[in-house]
Amino acid sequence: MKKILALLLVLVLVFGLVACGGDDDGIEINTPADLEQEGVRIGVQNGTTGHDFASANFPDAEIVIYNSNVDVIQALLSEHVDAVILDESPGASFVARNEGRIRQLDERLTHEYYGISLQLGSPYTALFNEALDQLRADGTLDRLVDYWINGYTELGRYESPAGIEHPNGTLVMGTSADFEPFEFIEAGQIVGLDPDIARAIGDILGYQIEIVDMDFDIIILSVQTGQVDFGMAGMTVNEERLQQVDFTQGYFLSGQSIIVRVR
């Protein structure tokens, strides 16, 4: 009787593991064209350019939507999706953290600029553009991109100039801190390229920057309704978003990429 019960317990455990895992259906993806195969499941983050691109270009695929990029990558690792469409630099960060398990295809799907979103007609838009011009001219923007994106760690993160003051108060930045190296949580703090650029802008304009973490798909609404003063989250400037918010000039050229499991 004990042997029978033990056997039943093993069967239950095995069944539970299978039920919790995904289903590797044998689909192999090496090029963007492979996403057009019947039965392909593509993971995307809700409200992103990757979400829009997948829906527009792969209508026969099953588009599986998640709230965060961490959830999207976990779905790929657990075989709940066959591929992920994700911005190039964050995609590379996820690949590096999961070396040997997932890989990024070489072909870039899009070319797009990230910008800072503000309320329509906001007087801050022109001020932010002037600050970005200054950061370009003095080399700060290039240095921060080299540190966060290109791996020149000897350059260091942004530090406010000695004696800097913020007489104009505080500006609240909305972001989605699951997008390394643009914004992510390290030792309980939101860090990355976007927070560093935002603080540099704040120092130029005389504002302290407060950063609030939220789901990506509500950042624009939060900007529109004034819950935050600006949104900065590796956010692509496109025509649809320009109907809802203002954007600064682009500060980083990016593109969508495909990530798949290593077979």
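Computed from a predicted model, the values in this text were never measured in an experiment.

Q: Mind showing me how you'd approach the overall build of the protein here?
A: Scanning the protein for helices and strands turns up 9 helices and 15 strands. Summarising its shape, the C-alpha atoms of the protein cover approximately 80 × 40 × 40 Å along the three principal directions. Here the protein holds 263 residues, and the buried ones make up 47% of them. Of the contacts formed within the protein by residues at least 6 apart in sequence, a portion of 71% connects residues at least 24 apart. Approximately 13000 Å² of the protein is accessible, and the part contributed by carbon and sulfur atoms is 52%. A distance of 12 Å separates the average location of the 14 positive side-chain charges in the protein from that of its 42 negative side-chain charges.

Q: Help me out: how do you make sense of the packing of aromatic side chains in this one?
A: Overall, the coordinates contain 12 aromatic pairs when judged by the stated rule. With centroids separated by 6.0 Å and ring planes inclined at 80°, the aromatic side chains of Trp148 and Phe184 adopt a geometry described as edge-to-face. Taken together, the residues span a long stretch of sequence, with Trp148 in helix 6 (residues 140-148) and Phe184 in strand 9 (residues 183-186) at a distance of 36 residues. The burial state of Trp148 is the same as that of Phe184; both residues are buried. Considering the side-chain rings of Phe182 and Phe252, the 5.1 Å spacing of their centres and the 75° angle between planes classify their relative orientation as edge-to-face. With Phe182 in the loop between strand 8 (178-179) and strand 9 and Phe252 in strand 14 (residues 252-254), this residue pair connects regions lying 70 residues apart in the sequence. Like Phe252, Phe182 is buried. Feature note: the residues Tyr114, Phe179, Phe182, Tyr251 and Phe252 constitute an aromatic cluster, connected by ring pairs.

Q: I keep staring at the environment of Gly206 and nothing clicks. Help me out?
A: Locating Gly206 in the fold gives a position in the loop between helix 7 (193-205) and strand 11 (208-213). Residues in contact with Gly206, not counting those within four places in the same chain, are Glu165, His166, Pro167, Asn168 and Gly169.

Q: Just to check I follow, could you spell out the sheet that holds strand 8 for this structure?
A: Strand pairing in a sheet relies on backbone hydrogen bonds, with the paired strands running either antiparallel or parallel. The strand order across the open sheet built from 3 strands is 8-9-10, with neighbouring strands paired in antiparallel fashion. The open sheet has two free edges, formed respectively by strand 8 and strand 10 (189-191), since each of these has just one partner strand.

Q: What's the story with the pairing of strand 1 (residues 41-45) in this structure? I'm lost.
A: A regular strand places its side chains on the two faces of the sheet in alternate fashion. Of all 5 residues making up strand 1, 5 are buried, and the element is well covered by its neighbours. Residues Arg41, Gly43 and Gln45 line one face of strand 1 and the alternating positions Ile42 and Val44 line the opposite face, and both faces are buried. Note that the unit made of strand 1, helix 2 (residues 49-57) and strand 2 (residues 62-66) has a crossover that is right-handed. Relative to strand 3 (residues 83-87), strand 1 is paired through 2 bridges, and the arrangement is parallel. Bridging across to strand 3, Ile42 finds its partner in Ala83.

Q: What should I look at first to understand the confidence of the model for the protein in this one?
A: Close inspection of predicted coordinates is inappropriate for parts of the model with low pLDDT. Confidence in the prediction of the protein, expressed as mean pLDDT, is 91, and 90% of residues score 70 or more. Note that residues 1-20 has pLDDT below 50 and, in this model, 1 contact with residues that lie over four places away or in other chains.

Parameters and conventions
Starting afresh in each chain, residues are numbered from 1 along the sequence in its written order. Per-residue local features of the predicted model are confined to residues with pLDDT of at least 70, and side-chain atom pairs are confined, for both listing and counting, to 80 or more; whole-chain, interface and lining totals are unaffected and use all residues. With hydrogens and water excluded, all non-hydrogen atoms of the structure serve as input to the side-chain values. In DSSP terms, a helix is any run of H or I states spanning at least four residues, a strand is any run of E spanning at least two, and both are numbered starting from the N terminus. Exposure is judged per residue with a 1.4 Å probe applied to protein chains only, and the accessible area is read against the type maximum: over 50% gives exposed, under 20% gives buried, and values in between give partly exposed. Any two residues whose heavy atoms approach within 4.5 Å are treated as being in contact. All accessible-area figures derive from a Shrake-Rupley calculation using a 1.4 Å probe, and residue coverage is judged against the displayed protein chains alone. Residues scored as positive are Lys and Arg, those scored as negative are Asp and Glu, and His as well as the terminal groups of each chain are ignored. Just so you know, the charge point we use is NZ for Lys, CZ for Arg, CG for Asp and CD for Glu. Two aromatic rings, drawn from Phe, Tyr or Trp (for Trp, its six-membered ring), form a pair once their centres lie within 6.5 Å of each other, and the interplanar angle then sorts them: stacked below 30 degrees, edge-to-face above 60, tilted otherwise. Following DSSP output, two strands are said to pair if at least two bridges run between them. With the strands pointing away from the viewer, any crossover whose connection runs clockwise from the first strand over the helix to the second is right-handed. Scored from 0 to 100, pLDDT reflects the predictor's confidence in each residue.

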